[in-house]
Structures are given as C-alpha cells and as structure tokens.
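Architecture and fold: a report
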Amino acid sequence: MAGRSIRPYTVLPRLPDRLRPLQTLAYNLWWCWNADAVALFRRINPDLFEALDHSPIRLLGATDQSRFEELERDDGFLAHMDRVAAALDHYLNAPTWYQDRHAGDEARIAYFSAEFGIHESVPVYSGGLGVLAGDHLKSASDLGLPLMGVTLMYREGYFRQYLNVDGWQQERYPENDFFTLPLTLEVGKDGAPIIVTVPLPGRELALKVWHIQVGRVPLYLLDANIPQNKPEDRGITAQLYGGDHHTRIQQEIILGIGGIRALRAMGKMPTVCHMNEGHAAFTGLERIRLLIEEHKLDFATAYEAVKAGTCFTTHTPVPAGNDAFPVQMIEQYLGEYMAGMGIDRGGLVALGRQHPANEQEPFGMTVLALKLANVSNGVSKLHGSVSRRMWKELWPELPASEVPITSITNGVHTQSWLAPEFAQLYDRYLGIQWEERPTDFAIWKRVEQIPDGELWRTHERGRERLVALARTRLRAQLKRRGAPPSEVEAADEVLDPDALTIGFARRFATYKRGDLIFRNAERIMELVASKDRPVQFIFSGKAHPQDRGGKELIQRVFQQSRKSEFRKRVVFIEDYDMSVARYLVQGVDVWLNNPRRPLEASGTSGMKICGNGGLNLSILDGWWVEGYDGDNGWAIGAGEEYTDLQYQDEVESRALMDLLEQDIVPTFYKRDANGLPREWIRRMKRSVMSLVPVFNTNRMVEQYTETCYVPSHRRAAALSANQLAGAKELATWRRRVSSEWPQVRVESVEAPTADTLRVGGSFPVKVRVNLGSFKPEDVEVQLCHGVLDALGDIADPKTVALAANGGSSGASVLFAGEVSCRSSGQFGFGVRVLPKNQYLAHLFEPGLVTWG
Ligand SMILES: *Cc1c(COP(=O)(O)O)cnc(C)c1O
C-alpha cells in the first residue's frame, strides 16, 4: 500500500557455499528456457516449485536449511548443478550470430515495450504483446544482439482472474513481492540507486531502475514507488494497463521519456530504439529534446537524426486498439516539456495526427510512432497490408500497396515452449544443433526419421500432463466457488487422457469468438458424447477488465461447460498465464483459432504447439495465412472477409464442424495394429518440419537485425557524423522537396503505338520530365507495369527505374528505359517521379510522388 511506513527487509536463504551456483542461476532467466536447469530447480522440491509459480528464488527462500544440507552431500545433485552452471557459462561466452555478422557495428539497441512476458514468476505481462517481447529478448540473447529491454516495474502486475458462481470474471491484483523476484537495483558509481525524473504537470516524478538479466540481455524496469514521490504518484506504475487515460499517458511518459533518461544515466544511450507498439513513442521526443539541448539544433534537424535510428512495430488492426489522447491532454502533459524544443502547439499536435488541421482528431500514439520511425512494420504479411491500408492517409499521394509499412512475421522462442520430453527427443534425433540453429530447415527435416511410435508417445505425455493440470485446477476452482464435495470429487473424472483434445486459449475479445463452436450445439454434443471417438475441449483466457463483451463470452463458455452434456468434456481453466499456456500448448492435439479475419494481427499461441506435435485448426488470418500449406493442419474457410457478421458466424462455424466431423476426428482415431494414428502422425511431422523453422523468434530477430536495426544504426551514424552534417542536410532537403516538389511535372511519355507484343520481346519508353529546380540525380523516374485487373488498374506493379538520357533542355530532362514482356496477357504501365535521398530508408518515406 502506498504511503504506509513499514520498512521492508530481505532475508536471503543461507545457501551453503557449495550451492552458490543456484543463486547465480536463479538470477539469470536463462534457466527458464533450459530443460536441464528447470529440472535442477524442480529436483530441490517438486511440490514447492509447483506451488511457487516455478520461481527459483521463492523456492530457495522457502527451502529448509536441512534440505540444503542434504543437497550439499548429494553427489547426483551436485553433478547436475555443476553441469547446468557450466552450460550457462558456456552460453554466455560462446561466439554468436551477431558477432559473426556485425562485429564492426557499434550498435546499441533499446527495445521498449509496455510489457514483457518472460516467465510466469515475473508477472509484468498481460498477453500476446508481452510474450512476444519476452521471446524477442530471449532470441536477442541467443543471437548475441547488443540489445536492452526497457519497461515498467508493475508492483501489482496484470490482474489475476477467477470466475464467480455465474461464470462472471472477477479480478484481483496481488502485490508482487519484489524480494522474491530476480531483480537487482541499478546503482551508480557511488553505490547510490540511479534515480531519474520525468516531468508531470506541476511536478517531477522520480523513478528508480530495476534490472533483470535474461541470458546475455538486460531488461530495465522503471518504478515510481519511491519515497521521493507523493503517495498518490507512487501508484502510477502499480498496474499494467490499469487506471484511466491519465494513468496511461503517465505510464507512457515514464516508458518513453523515463526510459531514455534511465539508459542515459547508466551510460547506455542507445543508437537504435525499437518501439514495440505505440506505447513507447515518447522515446523519440526525448531523444530529439536531448539532441537539441546538447547540440543546439533546430527541431527538424534533431528529428532527422532521431528518426534514422528509430524502428516501430505496430500490432493492432483494430482502430480502437490504437492508443489516442485528447489533444488537451497532450498539451497538459507535454506543453511545457516541449516548450524548449522549438516547435509550437501546432507542430506538436501535428506529430500525432493523420490530418494535422483536423481539430477533431485526437493525438494518436501509432501516428506519432509512424512519424518518428524510419522503418515501420506489421507482424504478419496480411497485417502488413492491413496496416498499409489503415495508415495510408499519412501518405496521401501513394497507393496503399506502397505505403512504407513492411511486415516481419512474429515468432515464438522455440526452446521456451517445448515440452522437456520433446527437447530430449529432438536432441536424440536431430542433434543438439536445433537449439542453436532453430531456423535450419535441414535440421528439422530429420524429424522424418523419428519413429512414429516414439513421437506419438512423447506427445501423449504432454496430453496426460494437461489433463492432470485441468483436473487439479478444476477441483480448486469448484472448491473456491463452494461447490458440493461430490462435485469437487467428480473433477478427478473429467476429461480423458486418451481423447482427442482441442485447446482454445487467448484473450477473450469478441472478435476472437471464443464460443463459436457452441453455435452448432447439437453437432458438437454428438462429437463430445461419442463413446469410441470422444472429443474434448479445454478453454482458458482473460477478458480486459473493461471489456463487457469479452466477459460475456467467458460466461457463455463457462455456462456451456456446466451443462450435463459437456461437464466431463469441456473445461475452463481460470487465470490464463504463461504456465497454463505451456501446459496447453504441450498437451493439445488441436489448437483452435477462429477470429474474424483480418483482426488477428499475427497470433503466436498456434506457433507454440507445432514443436510439441499439436496441429492448428484456424481461420486463415494472421500468421496462419503464411503457415498453412494444405497438409500441415487445417484452414477454416479460404480467407474470406464478411460484412454480415451473423452470416459469417453461421458459415464459419459450419465449416469448422465439417472439418471436425469429416477429417479431424476420423483421422485422429484411425489406428493401426500398434494403436498408432499413422496419418495423424504424418501430419504432425509435416507441421514440425514446415512451421518450426520459420515461426520462431530467432528468425524474426534476425530479420529485425538485418532490415531494421543494422540499417537504422548505419543511417543514424551517417546522419550524426561531423556534427550532424547529414541530419542538417536531410532536414534542409525535406524542407525543400516539400515546397518545391509541386514544380515537377511529367511532360510527355513516348512508347510504341503497336498494342500487341510477343512474349520475350520488349519495348522502349521515353519520358520527358520537367524537374523544376531539381537535378536528375535528385529524382527517380519509374515505370510501373503489370497485369491489368478488371478495373483497369495494375494490381501488383513491377517497377523499372529509367535513366536520364542526356537530352535535356533547361529543366526538361529525357529519361528512358525498356519494358520486357515476360508473360502474355493484358498489361498496362504508368510513369511516376519520386524525390530521392541517400539517407532515407525508403523511396516512399517522404510520401511525394508525381504521376505522368
Ligand atoms: C502466447 C500467449 C499469448 C498470445 O496468444 P495469441 O495466440 O497471440 O492470442 C497470450 N497469453 C499467453 C499467456 C501466452 O502464452
């Protein structure tokens, strides 16, 4: 509680010297993705480890001295511990992918995210965004990136969920005990805690900085709960996504402005900042402010220097999901802060608006982030294209397909989500390289050599563990709700460890349609009730506290699970977190995902099941559009989008039932003489081979490195060299093109008049452009050509750059090139001119284009 005058103190376990390595291991979250390290902690006291959120620090704190004395004399345990300690040592010192590729680049990357899901014992995450950020850190560590995470230290984290007797979600916020978290306080050279401040209206808020080590990579967490702050301010960082609009903007000021100040205070000023979602967009403002202050620059120059070193990932295809604040709030919170930066109110507000002059438009954090970043991306190919359409107003001259928002498809950290038995199985049949090179197709192809029976039994272990967890949890849930003892007892008989098990777990948001299968109640009842081929469902997931619709969905699923027909075959596990997620993804046969396309930006839970032998059954949305190949799982529908939502539910729920009845259930239960479902196992292998090497965060972080981090670092370095000469030049250039570009005109286009051509031939094109005050090297003249669609537009244009052809008279310059005809059909072409600058990441970034 804020303001109470209790002095906390820490009692550390008295670890015998010989067991000291346990302490080191507990404070580096590397342990949580290493099966052998997890097994080591479990071995100390399995029940306690289970009861304490798999937290090594709490486990060590709760272990009796006599148990330590026992372990100290246990040669088997000591050998295990020494092996794990040596493995961590090896991990931290081994050469890395990044060193190999980019040893010369002195990049320092800071990755800002409002949440990080690294392990259930560090509850500073709510769901997919955080788990993705956690997996990003783990892969950055594996690959040796010079990367640091930045977030807030939420004293109460995200809420814990339980349901009341009516199935209505209840929320509670237990306080994290900081002394049992793997946190160390950042201190300066003088040994005193590092304190930074951020401006809030009428006061400065002080923050201290915690540190969590994730393999090679540090995560810094900012905390407002310190005595320097007024009691009511100490709670600002208490809850993740808690409070109102004011709490939200304050937290974003802490993350962005405070985050940069903390890194700077530690002497770790980044060269590249990655903003994971718009929450972190204020980082850019603080970096601009610092440059202005240190180098006496104008805003435009500082903006160019910062933008070149900034990357942004958007995650939200739902407009309402993008943070936006009333402009008065921005003025209230940032007006004074921005006063020294040389931009006026209009300039400030324009940074957060698609249409700066539209006084109705609020200040959007995604807009701010898009304007501050030099590269931006969505999180799957489909989401990239949705984002380009969603934000095209920011580049009004461009066709949506060329809006400079690319895509890098999400992944999962393979080792973190694999059942230990699968890790061992892969060690045996694939060799241990799969851990270091999870993106290597050739390694995963060896899955073919795993005997069917062994693969199947390994997978069945996961299902058995999941069923056991579901029973234990159900028992506890029933007890808490005051169910009669007979019902509590009966929990031990729900679910069947051998039955086809379908999992559905994710945030309960209405577009994810958590209750879709119950739409065809009779058909689903029949499947569930089958004596010889039963199907069972396990659900889990939280709704956002303010999302009534989401809570109603949970309630409907809950009520279905209480019906006598479903009671033994449908279970809702409360309080979805990373631990429940691990049990689920390691235990299900089928992972169901039925969002309304295209609202699922990527989705990652379906990726977690692949290595564990589960199969995806999903709408073609998010990552599954790229993952599904016809043979490695199932697609519901063919990627349709609907305007009539009732009709959509009807069509898609039927398609789902058809797949279950006609393919999934029969294939699962078709067994050979050895009891093995050979065709099912074949699909499991296809799924592992085709999906695991692609949908992992090592591939993803490599892509971020090659297409975002390293190029941004280089561009930022080029702009900063020689007292920011490049940044000044670029700022001047941008001012010039925005005022003088309208002079540029295409005067004439010459091409042969013959309208039939042969495949393999080509035709010359000459374009005369009036460049106004520009020189030929300042522009790119492009010819876009391609197949004409039914509307006479070029749907997927190819571009050819034309060369200046000498023939100039004054401002009028001739450009020429050839178009080759590679296939037959109706083609068309168009001509356009764009301004070109070596310092820009994309030709399209300024958004200026003149069409012929
Ligand atoms: C993986 C994961 C998610 C994300 O799942 P989606 O498929 O992206 O909805 C959410 N919560 C937890 C606890 C997870 O482990």
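Reading the values: rules and limits
In this numbering scheme, every chain counts its residues from 1 along its sequence in written order. This being a predicted model, a pLDDT of at least 70 is required before a residue's local features are given, and a value of 80 or more before pairs of side-chain atoms are given or counted; all residues contribute to the totals for chains, interfaces and linings. With hydrogens and water stripped out, all remaining heavy atoms of the structure feed into the side-chain values. Strand pairing is assigned whenever DSSP detects at least two bridges linking the two strands. Helix and strand labels come from DSSP, where a helix needs a run of H or I of at least four residues and a strand needs a run of E of at least two; each type is numbered from the N terminus. Every axis in this analysis is a line fitted to C-alpha atoms, fitted for helices over the stretch in contact. Angles between the N-to-C directions lie between 0 and 180 degrees. Contacts between residues were defined by any pair of non-hydrogen atoms, one from each residue, lying within 4.5 Å. UniProt positions are given in the numbering used here, feature names are shortened, and annotations may be inferred rather than shown by experiment. Each residue is tested against the molecule or strand, and it is near if at least one of its non-hydrogen atoms lies within 4 Å. N or O atoms closer than or at 3.5 Å make up a polar contact, with two conditions inside protein: a donor-capable atom paired with an acceptor-capable one, and, for residues adjacent in sequence, both atoms drawn from side chains. Only the protein chains shown count as cover for residues, and the accessible areas themselves come from Shrake-Rupley with a 1.4 Å probe. Residue ranges assigned to the domains are those given by an automatic or database domain assignment. Two parts placed together each lose some accessible area under a 1.4 Å probe, and the buried area is that loss summed for both.

Glancing now at the sheet that holds strand β25 (residues 812–820). Read across the open sheet, the seven strands follow the order β21-β22-β25-β24-β23-β26-β27; overall the sheet is antiparallel. Taken across any chain shown, the strands that pair with only one partner, and hence form the sheet edges, are β21 (745–750) and β27 (850–851). Relative to strand β26 (residues 827–835), strand β23 (residues 779–787) runs antiparallel, the two being bridged by nine bridges. Paired with Val787 across the two strands is Phe827, which belongs to β26.

Backbone hydrogen bonds hold the strands of a sheet together, and the pairing may be parallel or antiparallel. Strand order in the open sheet formed by six strands is β17-β16-β15-β18-β19-β20, and the pairing between neighbours is parallel. Strand pairing shows two members of the sheet lacking a second neighbour, β17 (570–573) and β20 (633–636), which therefore form its edges. Between one strand axis and the next, the sheet turns by 20° as a mean value, whatever way the strands run. In this sheet, β20 lies alongside strand β19 (residues 615–619) in parallel orientation, the contact comprising four bridges. Bridging from a neighbouring strand, Leu617 pairs with Trp634 of β20. The sheet strands contacting helix α28 (residues 678–691) are β15 (500–505), β18 (590–593), β19 and β20, and the helix crosses β19 at an angle near 75°.

It is worth spelling out the UniProt feature "domain: DUF3417" (unreviewed entry) in the protein at this point. Taken from the UniProt record, the annotation "domain: DUF3417" (unreviewed entry) applies to residues 15–121. End C-alpha atoms of residues 15–121 are separated by 21 Å, and the span's content is 59% helix alongside 4% strand.

Neighbouring residues of the ligand: 14 residues in total, closest Trp417, Ala581, Thr604, Ser605 and Lys608. Lys512 places a side-chain nitrogen or oxygen 3.4 Å from an oxygen atom of the ligand. One nitrogen or oxygen atom from the main chain of Thr604 is found 3.0 Å from an oxygen atom belonging to the ligand. Here the ligand has 380 Å² of accessible area as a free molecule, and 93% of this is covered by the chains.

Attention now moves to the domain arrangement of the protein. The assigned domain composition of the protein is domain 1 (17–93), domain 2 (105–151 + 213–221 + 245–410 + 710–714), domain 3 (451–691) and domain 4 (744–851). Its C-alpha centre places domain 2 at a distance of 35 Å from the equivalent point of domain 3. Each partner contributes residues to the interface: domain 2 has 18 residues there, and domain 3 has 18 residues. Both sides together, the interface formed by domain 2 and domain 3 hides about 1400 Å², and carbon and sulfur atoms give 64% of it. Considering only the side of domain 2, the residues that lose the most area to domain 3 are Glu120, Leu382 and Asn410, jointly responsible for 35% of the buried surface there. Where domain 2 touches domain 3, the interface holds five residue pairs in polar contact (both at pLDDT 80 or more). At the level of elements, α8 (128–143) and α15 (381–390) are the ones that each hand at least two residues to the side of domain 2 that touches domain 3.

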